[in-house]
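Given next are the chains, with one letter for each unit.
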Amino acid sequence: MGVLLGSALAVLAVLGPLAGVAVAQPTDLSCQQAPGNRFFWVERAFCDLEASGPEKAQGLIIWNHGVSHTLESYKAPAALVLRLLQTRGWDVIMLKRHNQAEVVPNLGYRTVQRTLEEVKTQRKLGYRKIALAGQSFGGYVTLEALGESPDVFAAIALAPGVRAAGASGRLDAGVTDQQLQQAKTERIAVVFPKDDSVFGNLVRGESANRVLGRGRVPYLLLDETSGLTEHGGGVGGRFAVRYGLCLAEFLSAPQLPAGRFTCPPPGDPWVAVRDLLLPAPASRPAIATDPTALPAGLGRFTGMWYALIDESIVLFALVPADGGKLRALYRSSSFSRTGLVYDAEVRDGRVHVTLPAKDRITVGPDADGGLITWTSTDGSRTLKGKLVRASE
């Protein structure tokens, strides 16, 4: 107890008054800011995308990230599905917390209050609809804030919850049900991935469905039968491709009846992948279209291809270069989007690309399409994905 108290007091001394009260935020919303001595600060979630602004946007989404002990959780990106929502007119900002502040008492209460202050701020700026979103502890904050403010249009809670203090450190599943019962909002989306070991593999969807079913609001519930797995099952590419368009429809439909919202049958995954990763036409290189101009065995790799590698979505295309050389367009949802086209080598009937961080990709044909392999810089990790030809 003395060690924890000492740590908390040390953090309070470093952060000063920011740990105790809500503080007006600067106008700088640039990405990847250093926290300095701030407890909270706000950034745009996707600085490579242009914000629509209060007058044109469908609304604004405020993202709260999770807690990873003393790790710098604020460096984690927002859920990829929110990028898809931004391409459909929702501006997205992130409410970030200094990781050293996460040992102070009442972190949940402080974060909820700061979130509600941000709701008021964005309302004053002119956003007509405010949605809260978060994962894990951020999902807990999202749902907790709904009980205190009727001024929130929608909530998106991905694997929401916070483990109890003390030796057990277990999740009290009843807390989430209570939050859902007390929520004041017009729409709620909740995701409970299967095999969530962080929260003891508890099955929570069935109970949440009973609670939400007694209410009078539309709700989107993706429970343990939805095909999503593990604690982060809602933040990556698999969720964005499979359910992103459904979530966009759920948030943007002018009118919805009370009760459980049913996702339409899955459409072409390329629609979501295209909006997430395809470069704008002005910056898109000319990709290979003539099979006979490609090296032997690679003639099928004309046009654009995509794949899921673990939780990352990737784009791939061959790009002809002067002098008979070959380059490759490669874009991943997990990496910086500053790079786009890289030098490529062809060996053993496969394309080999070394990326700026010295990790590597290898692409080759398989029985009915292509196979892409990513290898880490030190060679200790290898991930593979099935390449699928884009439909346009």
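Fair warning: this is a prediction, and the values are worked out from it, not measured in the lab.

About the criteria used
Residues numbered from 1 in each chain as written. Predicted model: local features only at pLDDT ≥ 70, side-chain atom pairs only at ≥ 80, totals over all residues. Heavy atoms only, no water. Helix = DSSP H or I, 4+ residues; strand = E, 2+ residues; numbered from the N terminus. Rg over C-alpha atoms; globule rule 2.2 N^0.38 Å. Buried < 20%, exposed > 50% of the residue type's maximum accessible area, 1.4 Å probe, protein only. Areas by Shrake-Rupley, 256 points an atom, 1.4 Å probe, with all protein chains shown as cover. Lys, Arg positive; Asp, Glu negative; His and termini not counted. Charge placed at Lys NZ, Arg CZ, Asp CG, Glu CD. Disulfide = S-S within 2.5 Å. pLDDT = per-residue confidence, 0-100. Contact = heavy atoms within 4.5 Å. Pairing = 2+ DSSP bridges. Axes fitted to C-alpha atoms, helices over the stretch in contact; angles between N-to-C directions. Parallel < 35°, antiparallel > 145°, perpendicular 65-115°, else oblique. Left-handed = near helix turned anticlockwise from the far one by under 90°. Nonpolar A, V, L, I, M, F, W, Y, C, P; charged D, E, K, R; others polar. Right-handed = clockwise from strand over helix to strand, strands pointing away. Salt bridge = Lys/Arg side-chain N within 4 Å of Asp/Glu carboxyl O.

### Considering the overall build of the protein chain
The number of helices and strands found in the protein chain is 8 helices and 17 strands. Relative to the globule expectation of 21 Å for 392 residues, the C-alpha radius of gyration of the protein chain, 23 Å, shows essentially globular dimensions. Viewed in the frame of its principal axes, the protein chain has a C-alpha envelope of about 65 × 50 × 45 Å. Counting every position in the protein chain, which comprises 392 residues, the buried fraction comes to 49%. Accessible area of the protein chain: about 18600 Å², with a carbon and sulfur share of 53%. For the protein chain, the centre of its 42 positive side-chain charges and the centre of its 37 negative side-chain charges are spaced 1 Å apart.

### Examining the state of the cysteines
Taken as a whole, this structure holds 2 disulfides when the rule is applied. Sulfur-sulfur distance for the disulfide between Cys31 and Cys47 comes to 2.1 Å. Taking the sign of the torsion about the S-S bond as the criterion, the disulfide between Cys31 and Cys47, at about 100°, is right-handed. With Cys31 in the loop between helix H1 (2–15) and strand E1 (40–44) and Cys47 in the loop between E1 and strand E2 (59–64), this residue pair connects regions lying 16 residues apart in the sequence. When its relative accessible area of 36% is taken as the criterion, Cys47 is described as partly exposed. The connectivity of the disulfide bonds within the protein chain can be written as 1-2, 3-4, using the sequence rank of each bonded cysteine.

### A closer look at the confidence of the model for the protein chain
On average, residues of the protein chain score 89 in pLDDT, and 91% of them are at 70 or above. Low pLDDT, under 50, characterises residues 1–14; the predicted model gives this stretch 11 contacts beyond four residues in sequence or across chains. Contacts from residues 16–26, a stretch scored under 50 in pLDDT, to residues over four places away or in other chains number 17 contacts.

### Observations concerning the sheet that holds E1
Backbone hydrogen bonds hold the strands of a sheet together, and the pairing may be parallel or antiparallel. Taken in spatial order, the 8 strands of this open sheet run E1-E3-E2-E4-E5-E6-E7-E8, and their pairing is mixed. The sheet is open, and its two borders are formed by E1 and strand E8 (259–260), each paired with just one other strand. Both strand E7 (residues 218–222) and E8 contribute to a ladder of 2 bridges, which runs parallel. When the sheet's bridge partners are listed, Pro218 is paired in E8 with Gly259. Along the sheet, helix H2 (residues 80–87) contacts E2, strand E3 (90–97), strand E4 (130–135) and strand E5 (154–158); its crossing angle with E3, the most-contacted strand, is approximately 145°. This element, helix H4 (residues 137–146), spans E2, E3, E4, E5 and strand E6 (187–191) of the sheet and lies at about 145° to E4.

### A few points about the packing of H4 against helix H5 (residues 173–182)
Packed helices, taken two at a time, are described by the angle between their axes plus the distance between the axes. With their axes 8 Å apart at the nearest point, H4 and H5 run at an angle of 40° to one another. In this view, H4 runs oblique relative to H5, as classed from their interaxial angle. Considering the relative orientation of H4 and H5, their crossing is left-handed. Between H4 and H5, the contacting residues are Tyr140, Leu143, Glu144 and Leu146 on the first element and Val175, Thr176, Gln179, Leu180 and Gln182 on the second. Per-class residue counts for the contact of H4 with H5 are 5 nonpolar, 3 polar and 1 charged.

### Considering the pairing of E4
Where burial is concerned, most of E4 is hidden: 6 out of the 6 residues are buried. Taking every second residue as pointing to the same face, both faces of E4 are buried, with Ile130, Leu132 and Gly134 on one and Ala131, Ala133 and Gln135 on the other. As defined by bridge partners, E2 adjoins E4 across 5 bridges and the pair is classed as parallel. Across the sheet, residue Ile61 finds its bridge partner in E4, namely Ala131. Inspection of the sheet shows E4 paired to E5 by 5 bridges, in the parallel sense. Considered in E5, the bridge of Leu132 is made with Ala155. After leaving E4, the chain enters H4 and then returns to the sheet as E5, a path that is right-handed.

### Quick word on the pattern of salt bridges
Enumeration according to the criterion identifies 14 salt bridges in this entry. Between Asp48 and Arg83 there is a salt bridge, with the nearest N and O atoms lying 2.8 Å from each other. Of the two residues, Asp48 is situated in the loop between E1 and E2 and Arg83 in helix H2; the sequence distance between them amounts to 35 residues. Accessibility expressed as a relative area gives 3% for Arg83, which makes it buried. The salt bridge involving Arg88 is made with Asp275; its shortest N-O contact spans 2.5 Å. Of the two residues, Arg88 sits in the loop between H2 and E3 while Asp275 sits in helix H8 (residues 269–277), which places them 187 residues apart along the sequence. Of the residues examined, Arg88 reaches a relative accessible area of 26% and is grouped as partly exposed. Shared partners join several salt bridges into a network, and the residues in it are Arg88, Arg274 and Asp275.

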